[in-house]
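Structure assessment
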Amino acid sequence: MTTQSAVAYLAFCQQHENEMLALLRKMVEMESPSDNKAAVDRMGAFLAEVFESLGGQVTFYPQEAAGNHLKAEFAGGGSGGVGKPVLLLGHFDTVWPMGTLAKMPFRIKDGRAFGPGVYDMKAGIAMMIFALRALKEAGATHRPVTILLDTDEEVGSTTGRPIVEATAKDCEAVLVLEPSQGPEGHLKTSRKGVGDMTIRVRGRASHSGVDFEKGRSAIVELARQLLEIVKFTDLARGITVNPGVVQGGTRSNVVAAEAWAEIDLRIARASDAAELKKKFAALKPFDPDCAIELSGGINRPPMERTEGTVRLFGMAREIAATMGWRLEESSTGGGSDGNFTSALGIPTLDGLGALGEGAHAANESIVIGELPQRTALLTTLIQSV
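Overview of the structure. Bear in mind the structure is a predicted one, so any value in this text is a computation, not a measurement. (Residues numbered from 1 in each chain as written. Predicted model: local features only at pLDDT ≥ 70, side-chain atom pairs only at ≥ 80, totals over all residues. Heavy atoms only, no water.)

Description of the sheet that holds strand β2 (residues 69–74)
- Strand order in the open sheet formed by six strands is β1-β2-β6-β3-β7-β16, and the pairing between neighbours is mixed. One side of each edge strand has no neighbouring strand; the edge strands of this open sheet are β1 (57–61) and β16 (348–349).
- As paired elements, strand β3 (residues 86–91) and strand β6 (residues 145–150) share six bridges and run parallel to each other. Residue pairing across strands places L89 opposite L148, the latter belonging to β6.
- Most of the contacts of helix α5 (residues 160–168) go to β6, to which it runs at about 170 degrees, and overall it touches β1, β2, β3, β6 and β7 (173–176). (Pairing = 2+ DSSP bridges. Helix = DSSP H or I, 4+ residues; strand = E, 2+ residues; numbered from the N terminus. Contact = heavy atoms within 4.5 Å. Axes fitted to C-alpha atoms, helices over the stretch in contact; angles between N-to-C directions.)

What follows is the structure in structure tokens.
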């Protein structure tokens, strides 16, 4: 890496900012909610054409319900373009249902671009595309590049995970183009592991006025269990347990025969998963006439701040400094597909996407002026890994 390379890529990206915005607009206006296979597949077909125009070899992974996952492989550049590829990782499904554009259209105002999926994470895909263009036009020496975009990340990566893991195992490093963190646009060097647990209680129904004493309230038992479960939270260790949904009973004059709760789990270290599982398994009914049933657990391992991730961040920070930009790192409680690759021991750096705000919210937007330098950072990082 040289100062000239990063600055040259910055100049290229600044010159092509309007093209980046035009591409981004096209992608945002091509709605792709996770639960609409036809819409997601239309987006995938469009991206395949773009990648093929840049010399990529495209592979689709057909799915029955989810959209077809997409991989694009690019040969290394220059005389040194050999070795394991660097993986650019992301997704093109969004949380927004079809028709959202009618009330939340793509628009530009006060230096920001707004629209469903613009921040999470279609801007990141635009950055991948223009990074590849910059490398190609510069004739730069770099490793082979693999792009993997799955289609069910927003709903848990159920079908995407095995493809992400299998692809990452053959790669030197993983660069995740999820949005950056916070108003300063920090990169993400660690993420919490994510899971969910459902606790279901079965009691005995009775008429609350005539046979109250014969009933065994599942709701009361569940309440007592939840008071125990919230004690599993350990903020100092980054462990949180949140009962987010509680349901039960049928009518107010019936002692509830059934009740259940859905609980969000977050852990900072992989080693905490077994301990949390043990604590849930040790729960016993307070009322011996009630039964409890547990299902679930950690389904997305934590992305820990490993030596490999720290090394990648150090490279990114040096590159940013050549452009007069002090880059920082952060941790986040949310998960991404980068959690899977990091858990395999592959150096993973996340949050390389756009600077903005409002992921999954009506104010979703990106800062347009940040796109060129963040794309230049990505370009130079690909060249440097």
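So, next bit.
Description of the layout of surface pockets
- Looking at the largest pocket, its volume works out to about 420 Å³.
- Along the wall of the largest pocket there are 23 residues; nearest its centre are E153, E154, G334, G335 and H360.
- Within the residue set of the lining of the largest pocket, elements represented by two or more residues are α4 (118–138) and β8 (187–191).
- Along the lines of polarity and charge, the residues of the lining of the largest pocket split into five nonpolar, ten polar and eight charged. (1 Å grid on protein atoms, 1.4 Å probe; cavity = no way out; pocket = protein on both sides within 12 Å on 5 of 7 lines; lining within 4 Å. Points joined across faces, edges and corners; volume = space filled by probe spheres on them. Nonpolar A, V, L, I, M, F, W, Y, C, P; charged D, E, K, R; others polar.)

Description of the packing of α4 against helix α10 (residues 371–384)
- As a packed pair, α4 and α10 sit with axes 9 Å apart at the nearest point and diverge in direction by 55 degrees. Taken together, the axes of α4 and α10 are oblique relative to one another. α10 is crossed by α4, and the crossing has right-handed handedness. Together, A123, M127, M128, F130, A131, A134 and L135 of α4 and L371, R374, T375, L378, T379, I382 and Q383 of α10 make up the contact between the two elements. (Parallel < 35°, antiparallel > 145°, perpendicular 65-115°, else oblique. Left-handed = near helix turned anticlockwise from the far one by under 90°.)

Quick word on the packing of aromatic side chains
- Applying the stated rule across the entire model yields two aromatic pairs.
- Between F51 and F74 the ring centres are 6.2 Å apart and the planes differ by 85 degrees, which places this aromatic pair in the edge-to-face class. With a gap of 23 residues between them, F51 in helix α3 (residues 37–53) and F74 in strand β2 connect regions that are remote in the sequence. Residues F51 and F74 agree in their burial class; the two are buried.
- The interplanar angle of 80 degrees and the centroid separation of 5.1 Å between the aromatic rings of F232 and F280 together place this pair among those described as edge-to-face. Of the two residues, F232 is situated in the loop between α6 (218–229) and β11 (240–248) and F280 in helix α7 (residues 272–281); the sequence distance between them amounts to 48 residues.
- When the ring centre of W260 is taken as reference, the NZ or CZ atom of R200 above it lies at 4.9 Å. (Phe/Tyr/Trp six-rings, centres within 6.5 Å; stacked < 30°, edge-to-face > 60°. Buried < 20%, exposed > 50% of the residue type's maximum accessible area, 1.4 Å probe, protein only. Lys NZ or Arg CZ within 6 Å of the ring centre and 35° of its normal.)

Quick word on the sheet that holds strand β18 (residues 365–367)
- Pairing within the open sheet is antiparallel, and its four strands lie in the order β4-β5-β18-β17. Where the open sheet ends on each side, the last strands, each with one partner, are β4 (107–109) and β17 (356–357).
- Of the pairings in the sheet, the one linking β4 to strand β5 (residues 112–114) comprises three bridges and is antiparallel in character. Paired with R107 across the bridge in β5 is F114.
- Contacting β5, β17 and β18, α4 runs over the sheet at an angle of about 50 degrees to β18.

Overview of the pairing of strand β13 (residues 258–267)
- Here β13 shows a clear split, with A259, A261, I263, L265 and I267 buried on one side and none of E258, W260, E262, D264 and R266 buried on the other.
- By the bridge criterion, ten bridges tie strand β9 (residues 193–202) to β13 in an arrangement that is antiparallel. Among the inter-strand pairings, V201 is bridged to a residue of β13, identified as A259.
- Pairing analysis gives eight bridges linking β11 to β13, with the strands arranged antiparallel. Residue Q247 lies in a different strand from β13, and its bridge partner there is W260.

Brief notes about the pairing of β2
- Burial analysis of β2 places five of its six residues in the buried class, which makes it a mostly covered element.
- As defined by bridge partners, β1 adjoins β2 across five bridges and the pair is classed as antiparallel. Note on β2: the bridge partner recorded for T59 is K71.
- In terms of strand pairing, β2 meets β6 through five bridges, oriented antiparallel. If you follow K71 over to β6, its bridge partner there is L148.

Digging into the environment of A168
- Relative to the assigned elements, A168 resides in helix α5.
- Classification of A168 as buried rests on a relative accessible area of 0%.
- When the C-alpha atoms of A168 and L87 are compared, they prove to be 6.9 Å apart, with 81 residues separating the residues in sequence.
- Residues in contact with A168, not counting those within four places in the same chain, are L87, V174, T341 and I346.

Topic: the side chain of S157
- Counting through the fold element by element, S157 comes out in the loop between β6 and α5.
- We classify S157 as buried; its relative accessible area is 1%.
- Side chain to side chain, S157 and D337 meet in a polar contact 2.6 Å long.
- Once residues within four sequence positions are removed from consideration, S157 is found in contact with D150, D152, R300, D337 and F340. (Polar contact = N/O pair within 3.5 Å; in protein donor to acceptor, adjacent residues only side chain to side chain.)

Let's talk about the nonpolar core
- Counting 71 residues, the largest nonpolar core has L47, I147 and L175 as the members making the most contacts within it.
- The element that contributes the greatest number of residues to this core is α4, accounting for 14 residues.
- Once you skip the residues sitting within four places of it in the chain, L175 turns out to touch V86, L87, L88, L89, L312, L349, L352, L378, L381 and I382.
- Ranked by size, the runner-up nonpolar core spans 19 residues in total, among them M197, V201, L265 and F280. (Core = buried A, V, L, I, M, F, W, Y, C linked by side-chain atoms within 4.5 Å.)

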